[in-house]
Amino acid sequence: MRQRFRIVAAYDPQALPRILGVFAQRTLVPTTLSSQRRSGMLHIEAALDDLDAPTAAIIAAKLCESVLVASAVCDAVDAATSARCTSAPAITAAA
């Protein structure tokens, strides 16, 4: 099953390596990965194939533990279930 992670993180040079590190710790490589700066934050989308929902929920929770991550949402692309996690961003956009 394909899982899609949507992550909002601080616009910081360490955000992408830290987020990818969460996947790497489980020896996972995203099938697709994109990022975009919007409103001073980094919006990241990563898709992984053959990932079960319980593991995706654990990864979403781990992503939310990162000091640079404001929110992480994981949705199964072909199912209605999702794992949602939100935390306060440690670094906010510069005004």
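Everything numeric in this text was worked out from a predicted model, so none of it was measured.

Asks: Just checking my understanding: could you explain the pairing of strand E4 (residues 69–76) for this structure?
Replies: Walk down a regular strand and you will see the side chains alternate between the two sheet faces. Within E4, eight of the eight residues are buried, leaving the element largely enclosed by the surrounding structure. Bridge analysis of strand E1 (residues 3–10) against E4 gives seven bridges, and the strand direction is antiparallel. Across the sheet, the residue bridging to Val8 is Ser71, located in E4.

Asks: Help me understand the pairing of strand E2 (residues 32–38), please; the structure alone is not making it clear to me.
Replies: Bridge count for E2 against strand E3 (residues 41–48) is seven bridges, and the pairing is antiparallel. Along E3, the bridge assignment pairs Arg38 with Met41. Where E2 folds back on E3, the antiparallel hairpin that results is connected by two residues, among which Ser39 adopts a positive phi of roughly 55 degrees.

So, how was this worked out
- Residues numbered from 1 in each chain as written.
- Predicted model: local features only at pLDDT ≥ 70, side-chain atom pairs only at ≥ 80, totals over all residues.
- Heavy atoms only, no water.
- Buried < 20%, exposed > 50% of the residue type's maximum accessible area, 1.4 Å probe, protein only.
- Helix = DSSP H or I, 4+ residues; strand = E, 2+ residues; numbered from the N terminus.
- Pairing = 2+ DSSP bridges.

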